[in-house]
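These are the residues of each chain, in order.
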Amino acid sequence: MPRNPSHAMNIASKTGLLLFTGNSHPDLARLVASRLGLELAPCSVRNDENAETKVDIDCSVRGQDVFIIQTGSKEVNTSIMELLIMMYACKTSCAESIVAVIPYLPYSKQSKMRKRGSIPAKLLASLLCKAGMTHLITMDLHAKEIQGFFDVPVDNLRASPFLLQYIQEQIPDYRNAVIVAKNPGSARRAQSLAERLRLGLAVIHGETKEAESDAIDGRHSPPPVVAQNTGLEWPMLTAKEKPPINVVGDVGGRIAIIVDDIIDDVETFVACASMLKDRGAYKIYAMATHGLLSSDAPRLLEESTIDEIVVTNSVSHEVQKLQCHKIKTVDISVLISEAIRRIHNQESMSYLFRNITMED
């Protein structure tokens, strides 16, 4: 929240901006509306007894810039259907533009072909565009290439300035910390954070389960068999073997900060924390933009050697915080509200990628 009411972004109700929200994260929507100096536009989003989603827009949207805040949630498919129907209702009511504000984009981890599967992230992008979306605001996509799935402009905001500020202000002696990538795939993200803080970098090499990039996709080279009628033999293929899990980098006597974009399946975080503790790290943080924390994640984190889990409020996790006192939340509503204001006023978005902080 702003430090005082005068810091709120004053946008008059007659500017043609309407802010709606579904049921996925109303608390975040209220924070954004407060920063913009607006009231949430009236609408009713509910499920009938037969589980069908019904939406009633209770105000005129004709000629208005409509922004709909709806993030990924535990009821992910319900949240998507709510958003699609809300956008379609605004489209058929002649809204000037329809901007979907989806801090955590569902299905973003399913952006590659796997064997005889599909690419659900592309399907979701097509559905959103078909429903009437003219612009997308999201945050820290799991893969930046997902932006190419959309036929409309995409603003992929970054939460890293807020996480950097948290480290500098809330972690005592952070200069004695080392940034840790829990696998080689997240090393680039960890390196970026380490360079900005001028800290060391460590990488966990060797994984406890098959990496996403190594999943079978049905496109392997031919099997090692003798070709008929030729007598030629294909080269022998050696199966990949993961080396034992190991830490590349010095963490002894240091604060270890494990970073990633999503914390959901926490078993790898727990295993990494245990190894870091064995290697001499005296305090361990886990930090990510999106804290999904599904299933037994809160309990596993509470029982783990991780001292603190830091996530943004891109998704709602109030229930999980009741189960795990280690979870801390960083508010990113100021970033979203400023993005909305700039898009509505047709201002440059580049400022958001270098200057904005939690206290702006």
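- The chain appears in an unreviewed UniProt entry as Phosphoribosyl pyrophosphate synthase-associated protein 2-like isoform X5 from Branchiostoma floridae.
- The UniProt entry for the chain carries the following comment under Sequence similarities (unreviewed entry): "Belongs to the ribose-phosphate pyrophosphokinase family."

As for the sheet that holds strand 1 (residues 17–21)
Step number 1: Overall, parallel pairing links the 5 strands, which are arranged 1-4-5-6-7 in an open sheet. Looking at which strands have only one partner, the edges of the open sheet turn out to be strand 1 and strand 7 (154–157). For this sheet, the mean angle separating the axes of adjacent strands, direction not counted, is 15°.
Step number 2: Relative to strand 6 (residues 135–139), helix 9 (residues 333–344) is tilted by about 160°, and along the sheet it contacts strand 1, strand 4 (65–69), strand 5 (97–102), strand 6 and strand 7.

Re the packing of helix 1 (residues 26–36) against helix 9
Step number 1: The N-to-C vectors of helix 1 and helix 9 enclose an angle of 55°; their axes lie 9 Å apart at closest approach. By the angle class used here, helix 1 and helix 9 are oblique. Classified by chirality, the crossing of helix 9 by helix 1 is right-handed. Touching Leu 28, Leu 31, Val 32, Arg 35 and Leu 36 of helix 1 are Ser 333, Val 334, Ile 336, Ser 337, Ile 340 and Arg 341, all from helix 9.
Step number 2: Grouping the constituent residues of the contact of helix 1 with helix 9 by class yields 7 nonpolar, 2 polar and 2 charged.

A closer look at the packing of helix 4 (residues 160–170) against helix 5 (residues 187–197)
Step number 1: Here helix 4 crosses helix 5 at 50°, and the two axes come no closer than 11 Å. Of the possible angle classes, the one that applies to helix 4 and helix 5 is oblique. In the crossing of helix 4 with helix 5, the sense of the turn from one axis to the other is right-handed. Seen from helix 4, the contacting residues are Ser 160, Leu 164, Ile 167 and Gln 168; seen from helix 5, they are Leu 193, Arg 196 and Leu 197.
Step number 2: A class-by-class count of the residues in the contact of helix 4 with helix 5 yields 4 nonpolar, 2 polar and 1 charged.

As for the sheet that holds strand 10 (residues 246–248)
Step number 1: Ordered in space as 10-9-8-11-12-13-14, the 7 strands form an open sheet in which the pairing is mixed. Each having just a single partner strand, strand 10 and strand 14 (327–330) make up the two edges of the open sheet. The sheet shows a mean angle of 25° between the axes of neighbouring strands, direction not considered.
Step number 2: Pairing of strand 8 (residues 177–181) with strand 9 (residues 200–205), which is carried by 4 bridges, proceeds in the parallel orientation. For Ala 181, the partnering residue across the bridge sits in strand 9 and is Val 203.
Step number 3: Contacts from helix 4 reach strand 11 (255–263), strand 12 (283–291), strand 13 (308–312) and strand 14, with the element oriented near 155° to strand 12.
Step number 4: Of the strands in this sheet, strand 8, strand 9 and strand 11 are in contact with helix 5, which crosses strand 8 at around 165°.

So, the pairing of strand 3 (residues 53–57)
Step number 1: Direction of pairing for strand 2 (residues 43–47) relative to strand 3: antiparallel, over a ladder of 5 bridges. Bridge pairing in strand 3 places Ser 44 opposite Asp 56.
Step number 2: Counting the residues in the hairpin turn of strand 2 and strand 3 gives 5 residues, including Ala 51, whose phi is positive at 75°.

Details of the pattern of salt bridges
Step number 1: Per the counting criterion, the structure on display carries 11 salt bridges.
Step number 2: Close ionic contact of Arg 299 with Glu 303 constitutes a salt bridge, the shortest N to O distance being 3.4 Å. Remark: Glu 303 and Arg 299 occur in helix 7 (residues 297–303); sequence separation between them is 4 residues, near one turn of the helix.
Step number 3: Residue class for Arg 299 comes out partly exposed when judged on its relative accessible area of 40%.
Step number 4: Given the relative accessible area of 57%, Glu 303 is considered exposed.
Step number 5: A salt bridge links Arg 342 to Glu 338; the nearest nitrogen and oxygen atoms lie 2.7 Å apart. Of this pair, Arg 342 and Glu 338 are both found in helix 9, 4 residues apart, which corresponds to roughly one turn of the helix.

Focus: the confidence of the model for the chain
Step number 1: For the chain, per-residue confidence averages 87 on the pLDDT scale, and 84% of positions sit at 70 or higher.
Step number 2: Note on residues 1–8: pLDDT under 50 across the span, and 10 contacts to partners over four residues away in sequence or across chains.
Step number 3: Low pLDDT, under 50, characterises residues 10–14; the predicted model gives this stretch 8 contacts beyond four residues in sequence or across chains.

Some thoughts on unusual backbone geometry
Both trends apply: most residues other than glycine have a negative phi, and most peptide bonds are in trans.
Step number 1: The backbone phi angle of Asp 140 is positive, close to 45°, even though this residue is not glycine.
Step number 2: Checked against the element boundaries, Asp 140 lands in the loop between strand 6 and strand 7.

Conventions we followed
- Residues numbered from 1 in each chain as written.
- Predicted model: local features only at pLDDT ≥ 70, side-chain atom pairs only at ≥ 80, totals over all residues.
- Heavy atoms only, no water.
- UniProt positions renumbered as here; feature names shortened; annotations may be inferred.
- Pairing = 2+ DSSP bridges.
- Helix = DSSP H or I, 4+ residues; strand = E, 2+ residues; numbered from the N terminus.
- Axes fitted to C-alpha atoms, helices over the stretch in contact; angles between N-to-C directions.
- Contact = heavy atoms within 4.5 Å.
- Parallel < 35°, antiparallel > 145°, perpendicular 65-115°, else oblique.
- Left-handed = near helix turned anticlockwise from the far one by under 90°.
- Nonpolar A, V, L, I, M, F, W, Y, C, P; charged D, E, K, R; others polar.
- Salt bridge = Lys/Arg side-chain N within 4 Å of Asp/Glu carboxyl O.
- Buried < 20%, exposed > 50% of the residue type's maximum accessible area, 1.4 Å probe, protein only.
- pLDDT = per-residue confidence, 0-100.

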